[in-house]
Amino acid sequence: MKLAEALQERADLNRRIQQLQQRLGSNAIVQEGEQPAEDPITLLNELDRCAAQLEQLIAQINLTNCRTMVDGESLTELLARRDALKVKLSAYRDLVYSASQLGRRATRSEIKLLSTVNVKELQMQVDVMAKNLRLLDNSIQAANWATELI
């Protein structure tokens with residue numbers, strides 16, 4: 001199985017576990033004399049199987065990420081860089097948006113708002129970061145589809 005397929009399976013298992021949790025909640029309490037629509041014990045057993053499968057899959061994915069090298073770096077390092085870049089990019093985008101929201105004055109007596117940063121320069125940095133993020137993500141995705149799961 002390719003790493004990318006394992007990642008898709010992990011996402012499916014996470015969705016399945018979330019659905020089982022919701023179904024358990026819906027069948028945890030019934031009116032006296034009534035039966036639940038689904039047996040909570042059966043649902044719990046299925047949840048336990050899914051959680052065990054998820055645990056095994058996550059361990060395999062993590063081992064594969066640590067051992068797979070792309071241009072001299074492990075996939076784990078690339079994933080960490082991507083996550084950090086996403087956080088940084090989000091903060092820069094928020095700053096550019098906030099700094100661009102200069103209010104319009106209706107009269108001369110109103111307070112004039114000024115940006116404290118160079119929006120144009122920051123926007124250029126945002127554009128470069130966004131491009132780098134796309135390229136990094138492309139490298140990660142290519143490796144995911146080329147790598148066999150350990």
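Residues numbered from 1 in each chain as written. Predicted model: local features only at pLDDT ≥ 70, side-chain atom pairs only at ≥ 80, totals over all residues. Heavy atoms only, no water.

S.K.: A description of the overall build of the protein chain should follow, citing residues and the corresponding values.
M.R.: In terms of regular secondary structure, the protein chain is built from 4 helices and 2 strands. Counting from the amino terminus, helix and strand elements in the protein chain follow one another as α-α-β-β-α-α. Rg of the C-alpha trace for the protein chain: 24 Å, well past the compact-globule value of 15 Å for 150 residues, more than 25% over. Its C-alpha atoms put the protein chain at 75 × 55 × 15 Å along the principal axes. Each of the 150 residues in the protein chain was classed as buried or not, and the buried ones make up 25%. (Helix = DSSP H or I, 4+ residues; strand = E, 2+ residues; numbered from the N terminus. Rg over C-alpha atoms; globule rule 2.2 N^0.38 Å. Buried < 20%, exposed > 50% of the residue type's maximum accessible area, 1.4 Å probe, protein only.)

S.K.: Quick rundown of helix α4 (residues 119-146)? Include the residues and the values.
M.R.: Across its 28 residues, α4 extends 40 Å between first and last C-alpha, which sits within 8% of the 40 Å expected from 1.5 Å per residue. Listed as buried for α4 are L122, V126, M129, A130, L133, L136, I140, A143 and N144. Buried residues along α4 sit in contact with α1 (3-26), β1 (69-70) and α3 (75-100). The backbone nitrogen of K120 lies 3.2 Å from a side-chain oxygen of the residue at the head of α4, namely N118. (Expected span 1.5 Å × (residues − 1). Contact = heavy atoms within 4.5 Å. Polar contact = N/O pair within 3.5 Å; in protein donor to acceptor, adjacent residues only side chain to side chain.)

S.K.: Which residues make up the pattern of salt bridges, and what are the values?
M.R.: Taken as a whole and judged by the stated rule, the model has 6 salt bridges. The salt bridge involving K2 is made with E148; its shortest N-O contact spans 3.0 Å. Taken as a pair, K2 in the segment before α1 and E148 in the segment after α4 lie far apart in primary sequence, 146 residues in all. (Salt bridge = Lys/Arg side-chain N within 4 Å of Asp/Glu carboxyl O.)

S.K.: Before we move on, could you go through the side chain of N144 and cite the residues and values that matter?
M.R.: The residue N144 is located in helix α4 in this model. Ignoring sequence-local partners within four residues, the contact set of N144 consists of K2, L3, A4, L7 and L75.

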